[in-house]
Amino acid sequence: LPTTDNIKKMNEYHGKTIPYYPVQEGTPQSVLTTNTTPSSLLLLCYPPPQSSMAYDCLQQQLVLNKNTKILHIGEFRGLTGSKQFETLLQTEYQCLYRKLCPTWGTDATHVTIWEKKTKKQSKKEAIINNLLLPCVNCYHNESTKRCRFIRNLVYCNEDCFQSHIIQKEEELHTIFQC
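Student: So what about the overall build of the protein? Which residues, and what values?
Tutor: Counting secondary structure elements, the protein contains seven helices and six strands. Along the protein, from the amino end to the carboxyl end, the secondary structure elements read α-α-β-α-β-α-β-β-α-β-β-α-α. Each of the 178 residues in the protein was classed as buried or not, and the buried ones make up 37%. Nonlocal contacts in the protein, meaning residues at least 24 apart in sequence, comprise 56% of its contacts between residues at least 6 apart. A total accessible area of about 11500 Å² is found for the protein, and carbon and sulfur atoms account for 56% of it.

Here it is, written out as structure tokens:
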């Protein structure tokens, strides 16, 4: 049952749910005071959609010129973060790790780990080398379309969509079987 203490900690973004684990809420300004080591990790877990919060935190890391890794948990080009954040991430960082989280609801969440680039790349090179949503069929191109029923199935073109039809049908069958 919610207590007075828990009510203060409820997550408004997720239907005022009580957290399972206490998490220190931060702001872009707290990045300046909490990260005192030259090498650190910035956790961005489900940054609010269309908010500047994730961008502002990442910008603070760059201002401090820290060799920071970014652990991002969320949905690119979807329910978390902003276009401005995604562009800055792709331009200044390189993706080291990507893992799809199990599908639930209408979410297509990935856990990604990013590291600050050591050499400057052009914006075009950065986007090619750090795809936010690689096509699930070819893995070489940025996806432009999502499956309506399984949001983690994303495709770069009609050919990849058609080539992946058997796997898509198997996944749909698994999810919708009675």
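Student: How would you explain the pattern of salt bridges if you had to name every residue and give the values?
Tutor: Inspection of the entire model under this criterion finds four salt bridges. Across the pair glutamate 115 and lysine 69 runs a salt bridge, and its minimum N-O distance is 3.8 Å. Residue glutamate 115 is found in strand β4 (residues 110-116), and its partner lysine 69 is found in strand β2 (residues 69-74); the two are separated by 46 residues along the sequence. Glutamate 115 gets classed as partly exposed once you look at its relative accessible area, which sits at 22%. Among the ionic pairs, arginine 77 bridges to glutamate 142, the shortest N-O distance being 2.6 Å. Placement of the pair is arginine 77 in the loop between β2 and α4 (83-92) and glutamate 142 in the loop between α5 (123-129) and β5 (145-146), with a sequence separation of 65 residues. Take glutamate 142: its relative accessible area is 18%, and that puts it in the buried class. A single network of salt bridges, built from pairs that share partners, joins Glu75, Arg146 and Arg151.

Cut-offs used in this document
Residues numbered from 1 in each chain as written. Predicted model: local features only at pLDDT ≥ 70, side-chain atom pairs only at ≥ 80, totals over all residues. Heavy atoms only, no water. Helix = DSSP H or I, 4+ residues; strand = E, 2+ residues; numbered from the N terminus. Buried < 20%, exposed > 50% of the residue type's maximum accessible area, 1.4 Å probe, protein only. Contact = heavy atoms within 4.5 Å. Areas by Shrake-Rupley, 256 points an atom, 1.4 Å probe, with all protein chains shown as cover. Salt bridge = Lys/Arg side-chain N within 4 Å of Asp/Glu carboxyl O.

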